[in-house]
Amino acid sequence: MKEAQMTIPHLFRCPISLDLFSDPVTLSTGQTYDRSSIEKWFAFGNLTCPVTMQKLHDPSLVPNHNLRHLIEQWRQMGHHFHPEYSTTIDPSLYLKRNLESPHSTLQDKLQTLEKIRVLMDETPFKTPFLLQIGLLPLLSQLLFGKLDPQFSGKYADFEEKLLSCILKLIPFGEFQCLNMLKEESKLESFLVLFENGSGMMKQNLCRLVGAISSSPETRELCAMIGRNHRFLQGIDHLIQQNFETSEAGIEAISALCCLESNRESLVREGLINGLITYILNTETKERSSSGTAMTTLEELVGSERSGKEALIKDPRGVKAVVKMVFRVSDHGGSESALNSLIMVCYESLEAREKAIGAGVLTQLLLLLQSQCSCRIKSKARTLLKLLRSKWDEEQ
């Protein structure tokens, strides 16, 4: 049976030509068009999305490989229409339209987001369909678009549900839509949400930063966030608050450290002091991100001279690192603590004196008697030799 004689699913039709997609591409708004149709639209001088009529700050076209694959499967089925398309795609489109519609109330949209969350939790195999209809860019646009100035009650709940759905979709989708945050207005919305949102909102935005930092598609955005004064100050405040929110803050700092260019900003904004505070505050806690905090501290100390100076200058700095050398519960962070002490003690008499005063010799002896790895024991011996040789030189 020819395609013309078959009922073409709505999802497979280009919104411009209304014909079956031959080369589907997706805009930053989340809308998909046939490449030839959208290129003609642009050729006439239009710089908007034909469906939403939003102005396009980023006119790039991203091939929709998943949709192309679905169409190929559908064509191979001939006139036998697989039930999965009617039970999954059409309801997904209905949910998306509810979110897009200017006639939907806030309560309608809250209920729609709850249905989307349940759909992803109970039937995760359907998540790819949600991506193929452009749900991720739409959710991102709704979250970082124009904010309600009151930012409270149901609206705050709506924003939290949007972000929760985005975090569930990101592992399956393309990260490029998050580059909308490079727009000044969208980044401002991100910052306002981080500064004024609930503890859960702050934690989830930190997780979003982690996702942004993990993808080469959003490397430039990662660099922008990594040098943003307001965000870094907010993170510093976050990790020095209650234990629950500080965990996510540590993970965000660690993620931002993936770019060497970010490390200078992190040191300059005082994040070393924040990491030190976190390590000391979690000393008695069995489960924490202190190992991650110590690894991040090592990266900052190793990449910037100002990082070494900040660690030594903080009255609690060397002491915090010494306490991470040996921990009864686990050896997470021991190697990073040893590396950091080797770096600062090699160059600084003050650091050596502080380390010895904080009990580093006892910590090293305990570590050497423990069941830690040979590599960690080797580094412990290196630090012992360094402290002894420097002490001998000074006599």
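Here the structure is a predicted model, which is why all the values come from computation and not from measurement.

Considerations on the layout of surface pockets
Alright, step 1. In this structure, the largest pocket occupies an estimated 620 Å³ of space.
Alright, step 2. Forming the walls of the largest pocket are 32 residues, and the residues nearest its centre are Thr26, Leu27, Ser28, Pro137 and Cys177.
Alright, step 3. Considering only enclosed or pocket space, the second largest pocket measures out at about 330 Å³ in volume.
Alright, step 4. Considering the residues around the second largest pocket, the lining is formed by 18 residues, among which His10, Pro15, Gln31, Leu93 and Lys96 are closest to the centre.

Concerning helix H13 (residues 260-268)
Alright, step 1. All of the buried residues in H13 are Asn262, Arg263, Ser265, Leu266 and Val267.
Alright, step 2. Immediately downstream of H13, the backbone of glycine 270 shows phi near 85 degrees, a positive value.

A word on the packing of helix H11 (residues 229-239) against helix H14 (residues 271-281)
Alright, step 1. Put simply, H11 and H14 touch, their axes get as near as 9 Å, and they point 15 degrees apart. When the interaxial angle is binned, H11 and H14 end up roughly parallel. Judged by the sense of rotation from one axis to the other, the crossing of H11 with H14 is left-handed. Contacts from Leu232, Ile235, Asp236 and Ile239 of H11 reach H14 at Leu271, Gly274, Leu275 and Tyr278.
Alright, step 2. Per-class residue counts for the contact of H11 with H14 are six nonpolar, one polar and one charged.

Things to note about the pattern of salt bridges
Alright, step 1. Applying the stated criterion across every chain, the model contains 20 salt bridges.
Alright, step 2. Between aspartate 121 and arginine 117 there is a salt bridge, with the nearest N and O atoms lying 2.7 Å from each other. Remark: arginine 117 and aspartate 121 occur in helix H4 (residues 106-122); sequence separation between them is four residues, near one turn of the helix.
Alright, step 3. On the basis of relative accessibility, which here comes to 39%, the residue aspartate 121 falls in the partly exposed class.
Alright, step 4. Taking the shortest distance from any N to any O, the salt bridge between arginine 305 and glutamate 309 comes out at 3.7 Å. Taken together, the residues span about one helical turn, with arginine 305 and glutamate 309 both in helix H16 (residues 305-313) at a distance of four residues.
Alright, step 5. Residues participating in the shared-partner salt-bridge network are Asp23, Arg35, Glu39 and Arg68.

Criteria and thresholds
- Residues numbered from 1 in each chain as written.
- Predicted model: local features only at pLDDT ≥ 70, side-chain atom pairs only at ≥ 80, totals over all residues.
- Heavy atoms only, no water.
- 1 Å grid on protein atoms, 1.4 Å probe; cavity = no way out; pocket = protein on both sides within 12 Å on 5 of 7 lines; lining within 4 Å.
- Points joined across faces, edges and corners; volume = space filled by probe spheres on them.
- Buried < 20%, exposed > 50% of the residue type's maximum accessible area, 1.4 Å probe, protein only.
- Helix = DSSP H or I, 4+ residues; strand = E, 2+ residues; numbered from the N terminus.
- Axes fitted to C-alpha atoms, helices over the stretch in contact; angles between N-to-C directions.
- Parallel < 35°, antiparallel > 145°, perpendicular 65-115°, else oblique.
- Left-handed = near helix turned anticlockwise from the far one by under 90°.
- Contact = heavy atoms within 4.5 Å.
- Nonpolar A, V, L, I, M, F, W, Y, C, P; charged D, E, K, R; others polar.
- Salt bridge = Lys/Arg side-chain N within 4 Å of Asp/Glu carboxyl O.

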